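# Observations on the three-dimensional arrangement
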Amino acid sequence: PDPVAPNLVAAVSEARQWQRLMEMGAIGGFSDADGNEGVNRACLTDLDRQARRLLISWAEAIGLTASTDILGNLFLRHEGTDPTLPPVVTGSHMDSQPQGGRFDGIWGVIAAFEAVQALREAGIATRRPVEVVAWTNEEGGRYAPGCMGSMAYAGYAPPTTWDAVTDKDGIRFGDALAEHLALEADIARRPLGTVEGTAPFAYVEAHIEQGPRLEAEGFDIGVVTGIQGSRWFLVEINGKSDHAGTTPLGLRRDAVQDMLRAITALNALMHDPSDVLRFTVAHIEVEPNTSNSVAAVARFTIDFRHPDNAVLQARGNAIEGVIQAALKTCTAKVTERFHAIPTDFAPLVPDAVEGAARAQGLRALRLPSGAFHDAQFIHPLCPTGMIFVPCRAGVSHHPAEYAEPGALAAGARVLAQVLADLANR
Ligand code: GLV
Ligand code: MN
Ligand code: MN
Ligand code: MN
């Protein structure tokens, strides 16, 4: 393992990082019925902007330079001794699920910031610049799909791809983004992609595990080996509205009944005795959505994940046919709106993470990620990896999400050492 720089490790402040997390958690914070402190900070809202402004104020106080691109991705740059070198980029996202927690995403940004501040306070110059990034709309909660900011940055999709996507209030993504950029017009604008027009040297993302393994098995640090594949679909079933009291069942074209047939057939398609496959239907809309009219329209989402690309492709491609065959009276339109193939990270970053954890006397476990992350889209650009820390009972996307201040500090210390390592190569 690499030697530990004791002054760098000591410069990471557990208390400062925790204080900042709690301050961010108050932006969009709420208490649920069980007394959990959750966060609802949807992308491109005033709350999102408030969080970004707070981060920028901290960054300016320590001499980092802020800039944003046309997707609203926010970068805070720590200059390298050779500013022409491709940077090491590190961060995550600041938006949350509607019923989210105080750690998912935001900790990766704050840990990146803490690690960079520690580098500066420890007087450790880096040859390469280090850029802290907050990607726009990772969660996909307000605008589906997630990871729009990192997908556009990586050139995976043109930046206008999602302009017509609407939120639940009918506001188009393109309009929300235009308003957002106007409100952030005082922040320097950078080109979409990297400043130098070349790929970053490496990308590192710190995140709570969002699963139970590290805590249950007694590990401090997760060395993430890759991310399973995900495909998202939107299904719209079209029937006809009729009177619930007068229309015989045999004359109906009931969109809810055909939706149930479709979901039942999909459950059979997605059956997996090994329990590796993940299949979720969790967002349903019905029109006219009134109890005494037969449903004319039923829409539902599909979130399908698998670590094996052959399975992801074969079963994903079978979805539409299975739905069409299951319908009795209605028609269906199936649209795919997110497709991330399984990712195996190149060894550079995982090895650096494992080396740093070992050098600091921490117990590290190599494991894949079940959740998707912006890292999945940055990975084709440059060596990429992630640092996981344990979270309580693996709970996430829920107000009860929690990680210990000490566990988060350990993650930031490992990140600081990884940055010092990679940014000096
Ligand atoms: C991202 O939050 C995911 O759903 O994995
Ligand atoms: Mn996240
Ligand atoms: Mn999330
Ligand atoms: Mn996520």
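Residues numbered from 1 in each chain as written. Chains lettered and ligands numbered in written order. Predicted model: local features only at pLDDT ≥ 70, side-chain atom pairs only at ≥ 80, totals over all residues.

Within the protein chain, the regular secondary structure consists of 12 helices and 17 strands. Taking 425 residues into account, the globule formula puts the C-alpha radius of gyration at 22 Å, and the protein chain, at 23 Å, falls close to it. With respect to the three principal axes, the spread of C-alpha positions in the protein chain is 80 × 50 × 45 Å. Looking at the protein chain residue by residue over its 425 residues, the buried ones come to 48%. Considering only intrachain contacts with a sequence separation of at least 6, the fraction spanning at least 24 residues in the protein chain is 81%. (Helix = DSSP H or I, 4+ residues; strand = E, 2+ residues; numbered from the N terminus. Rg over C-alpha atoms; globule rule 2.2 N^0.38 Å. Buried ≥ 20, exposed ≤ 12 C-beta atoms within 10 Å, placed from the backbone. Contact = placed C-beta atoms within 7 Å.)

As a further point, take the site of ligand 1. For ligand 1, the full set of nearby residues is Glu139, Gly146, Ala371 and Phe372. Broken down by class, the residue content of the shell around ligand 1 amounts to two nonpolar, one polar and one charged. (Near = placed C-beta within 6 Å. Nonpolar A, V, L, I, M, F, W, Y, C, P; charged D, E, K, R; others polar.)

Before going further, it helps to examine the UniProt feature "domain: Peptidase M20 dimerisation" (unreviewed entry) in the protein chain. As recorded in UniProt, the feature "domain: Peptidase M20 dimerisation" (unreviewed entry) lies at residues 226-327. Across residues 226-327, helical content stands at 32% and strand content at 28%; the span's end C-alpha atoms are separated by 37 Å. (UniProt positions renumbered as here; feature names shortened; annotations may be inferred.)

Now for the packing of helix H2 (residues 14-25) against helix H12 (residues 405-422). Where H2 contacts H12, the axes come no closer than 9 Å and their chain directions differ by 110 degrees. Judged on the interaxial angle alone, H12 and H2 are roughly perpendicular. Taking contact as the criterion, the partners of Glu14, Gln17 and Trp18 in H2 are, on H12, Pro405, Gly406, Leu408, Ala409 and Ala412. Residue classes in the contact of H2 with H12 are distributed as five nonpolar, two polar and one charged. (Axes fitted to C-alpha atoms, helices over the stretch in contact; angles between N-to-C directions. Parallel < 35°, antiparallel > 145°, perpendicular 65-115°, else oblique.)

So, about the environment of Ser31. As for its position among the elements, Ser31 is in strand E1 (residues 29-31). Remark: the alpha-carbon pair of Ser31 and Ala375, spanning 344 residues in sequence, is separated by 30 Å. Beyond its immediate chain neighbours, meaning those up to four positions away, Ser31 contacts Asn36 and Glu37.

Before going further, it helps to spend a moment on the domain arrangement of the protein chain. Split by domain assignment, the protein chain resolves into domain 1 (6-228 + 342-422) and domain 2 (231-340). Each of domain 1 and domain 2 has a C-alpha centre, and these two points are 34 Å apart. Taken together, the residues of the side of domain 1 that touches domain 2 sort by class into five nonpolar, two polar and no charged. (Domains from an automatic or database assignment.)

Orientation of helix H4 (residues 106-121) relative to H12, taken along the N-to-C sense of each, is 55 degrees, at an axis distance of 8 Å. Classified by the interaxial angle, the pair formed by H4 and H12 is oblique. The element H4 and its partner H12 pack so that their crossing is right-handed. The segment H4 lies against H12, with Trp107, Ala111, Ala112, Glu114, Ala115, Ala118 and Leu119 engaging Leu408, Gly411, Ala412, Leu415, Ala416, Leu419 and Ala420. When grouped by side-chain class, the residues that make up the contact of H4 with H12 number 12 nonpolar, one polar and one charged. (Left-handed = near helix turned anticlockwise from the far one by under 90°.)

Inspection of the secondary structure puts Tyr143 in the loop between strand E6 (130-135) and helix H5 (148-153). On the neighbour-count criterion, Tyr143 (23 C-beta atoms within 10 Å) is buried. Taking the C-alpha atoms as reference, Tyr143 lies 8.5 Å from Trp162; in sequence the two are 19 residues apart. Contacts of Tyr143, omitting those with residues within four sequence positions, involve Cys43, Asn137, Met148, Trp162, Val165, Asp167 and Phe173.

Look at helix H10 (residues 348-359): 16 Å from first C-alpha to last across 12 residues, which is about the 16 Å you get at 1.5 Å a residue. All of the buried residues along H10 are Val349, Pro350, Ala352, Val353, Glu354, Ala356 and Ala357. As for H10, its buried residues are in contact with strand E8 (202-208), strand E9 (221-227), strand E16 (364-369), strand E17 (384-389) and H12. Following H10 by one or two positions, Gly361 adopts a phi angle in the positive range, close to 75 degrees. (Expected span 1.5 Å × (residues − 1).)

Glancing now at the nonpolar core. Formed by 115 residues in total, the largest nonpolar core has its most connected members in Ala115, Leu415, Ala416 and Leu419. A total of 12 residues in this core trace back to one element, the largest contributor, which is H12. Once residues within four sequence positions are removed from consideration, Leu415 is found in contact with Thr90, Ala111, Ala112, Ala115, Val204, Ala206 and Ile387. (Core = buried A, V, L, I, M, F, W, Y, C linked by C-beta atoms within 7 Å.)

So, about unusual backbone geometry. Residue Pro145 follows Ala144 across a cis peptide bond; omega there is 5 degrees. Assignment of secondary structure puts Pro145 in the loop between E6 and H5. Following Glu287, the chain continues into Pro288 via a peptide bond in cis, with omega recorded as 0 degrees. Even without being a glycine, Asn137 presents a positive backbone phi close to 50 degrees. By secondary structure assignment, the location of Asn137 is in the loop between E6 and H5. The exposure class of Asn137 is buried, given the 33 C-beta atoms found within 10 Å. Its identity as a non-glycine residue notwithstanding, Gln210 has a phi of 65 degrees, on the positive side. Relative to the helices and strands, Gln210 is located in the loop between E8 and helix H7 (213-217). Exposure remark for Gln210: the 19 C-beta atoms within 10 Å place this residue in the partly exposed category.

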